[in-house]
Amino acid sequence: MNKKGSLVLVGSGIKFVSHLTTEAKNYIEQSEKVLYLVNEPAMQEWIQKTNKSAESLDPIYTSYNLRLDSYRAITEYILDTLRQELHVCVVLYGHPTIVAIPGLEAVKRAKLEGFYTKILPGISAVDCLFADLMIDPGSCGCQSFEATDFLIYQRKFDPSSHLILWQIGSIGILDHRKVIDNSKGAAILLDYLTQFYRLEHDVILFEAAQYPHLESKIETFPLKDLPQTQFSTISTLYIPPIYKANQDKHILKQLNLDIS
Amino acid sequence: MDTFQFLEQLASVVHHHPKIDQLVGQQSAEIRNAFLSNNGNAMKKQLSTVNYFADMVGVSE
């Protein structure tokens, strides 16, 4: 860590300004260069007002057909900026390493190149989900997957735990299209999920509120309605546990526990 | 008060603060209606398409 310059990756949270941590705010204010990719115009405006060096990564994001190519280009741009030996702050919405490839990749590579790096956590959609749906992920375990990844790899999970699927509104969509017909992907997802859940099992579409004093969008519907449900690019699917797991008596005995 | 200041001030008060009604009342009909109907998507669309802010550039999702 003897090179000049540094890279600090921060999350802006979901809700405009309200979710910014003090340390994230300090880095946005005091860095020599701020690069940002946020999905809400007021937050973008706030960053630009807060630090005159701020530069949107949006032009890079939208200049490639495939999102993966955009992410690679953004990573390269972040590293090129850092190599100018500046103290760089990169702002991504939500939590900066959750379903967000370019910042994390840039930090890993910057660290290998000898730069000081730091990642500051932000409030993610799943944090909002735990609060708004009153869920304790420690109560029976919680698994989360990116929805397309979940299907492609046929991820194994425990239906007695909470299940969260990210990016449910763009299953199998790898480009930037604005209007997405997600019905085909949702039908394939339904087919997979019915191996584990009843068709009548209630699931929840969740979209965290992006503005102060607005409520999050919470829609409960039976699993069978998944293909007909309108999702957006910020939708998350929550599936409650379908049964209670059995305790392992042998393990209880080994641990000298009596919690039946 | 522009929409940006409105959102900043909104973020600085708690839900039961009387200032919220006053802040919302000063906004354009589109923003006010979106806020009162809890329609975050409409609010975002308004903020994305109408020139509420001085330095607006595009945003992506």
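The sections below set out a description of the structure shown in this document. Here the structure is a predicted model, which means the values were calculated and not measured. All chains use their own residue numbering, which begins from 1 and follows the written sequence. For this description, chains carry letters from A and ligands carry numbers from 1, given in the order in which they are written. Owing to the predicted nature of the model, reporting of local features is limited to residues with pLDDT of at least 70; listing and counting of side-chain atom pairs is limited to 80 or more, with chain, interface and lining totals taken over all residues. Based on all heavy atoms of the structure, the side-chain values leave hydrogens and waters out of the count.

1. A closer look at the sheet that holds strand S10 (residues 236-239) of chain A
All names here are of chain A.
Here is step 1: Whether two strands pair comes down to DSSP finding at least two bridges between them. By the criteria applied, helices consist of DSSP H or I runs no shorter than four residues and strands consist of E runs no shorter than two, each listed in order from the N terminus. Pairing is mixed across the open sheet formed by five strands, whose spatial order is S6-S7-S10-S8-S9. Where the open sheet ends on each side, the last strands, each with one partner, are strand S6 (142-146) and strand S9 (217-222). Averaged over neighbouring strand pairs, the angle between their axes works out to 20° when direction is ignored.
Here is step 2: Relative to strand S7 (residues 162-166), S6 runs parallel, the two sharing five bridges. Its bridge partner lying in S7, Gln 143 is registered against Leu 163. The angle between two axes is taken between their N-to-C directions and runs from 0 to 180 degrees, where each axis is a line fitted to C-alpha atoms and a helix contributes only its stretch in contact.

2. Considerations on the interface of chain B and chain A
Here is step 1: The contact criterion used throughout is that any non-hydrogen atoms of two residues lie within 4.5 Å. Chain B puts 27 residues into the contact, and the matching count from chain A is 28 residues.
Here is step 2: Put simply, buried area is how much 1.4 Å-probe accessible surface two parts lose in total, over both of them, once they are put together. Buried area between chain B and chain A, both sides added, is near 2400 Å², and the carbon and sulfur share of it is 59%.
Here is step 3: Salt bridge, as applied in this entry: a Lys or Arg side-chain nitrogen positioned within 4 Å of an Asp or Glu carboxyl oxygen. Between chain B and chain A we count zero salt bridges in total.
Here is step 4: Pairs of N or O atoms within 3.5 Å make up the polar contacts considered here, provided that, within protein, one atom can donate a hydrogen while the other can accept it, and that residues adjacent in sequence are counted only when both atoms are side-chain atoms. At the boundary of chain B and chain A, one finds six residue pairs in polar contact (both at pLDDT 80 or more).
Here is step 5: Residue type decides the class: Asp, Glu, Lys and Arg count as charged, Ala, Val, Leu, Ile, Met, Phe, Trp, Tyr, Cys and Pro as nonpolar, and the leftover types, Gly among them, as polar. Tallied by class, the residues present in the side of chain B that touches chain A amount to 15 nonpolar, eight polar and four charged.

3. Overview of the sheet that holds strand S1 (residues 6-11) of chain A
Here is step 1: Spatial strand order, S3-S2-S4-S1-S5 (chain A): five strands in an open sheet with parallel pairing. Both outer strands of the open sheet, strand S3 (55-56) and strand S5 (116-120) of chain A, are each paired with one neighbouring strand and no more.

4. Here we look at the layout of surface pockets
Residues and elements named next belong to chain A.
Here is step 1: With a 1 Å grid laid over protein atoms only, a set of points is called a cavity when a 1.4 Å probe fits there but cannot get out and a pocket when it is open yet has protein on both sides within 12 Å along at least five of seven lines; lining residues have an atom within 4 Å of a point. Grid points are joined across faces, edges and corners, and a volume is the space filled by probe spheres set on the points. In this structure, the second largest pocket encloses a volume near 420 Å³.
Here is step 2: Surrounding the second largest pocket, 16 residues form its lining, Arg 67, Ile 101, Glu 146, Gln 167 and Leu 174 being those nearest its centre.
Here is step 3: Elements that contribute at least two residues to the lining of the second largest pocket include exactly helix H4 (67-82) and helix H7 (147-152).
Here is step 4: Here the residues of the lining of the second largest pocket are counted per class, giving nine nonpolar, four polar and three charged.

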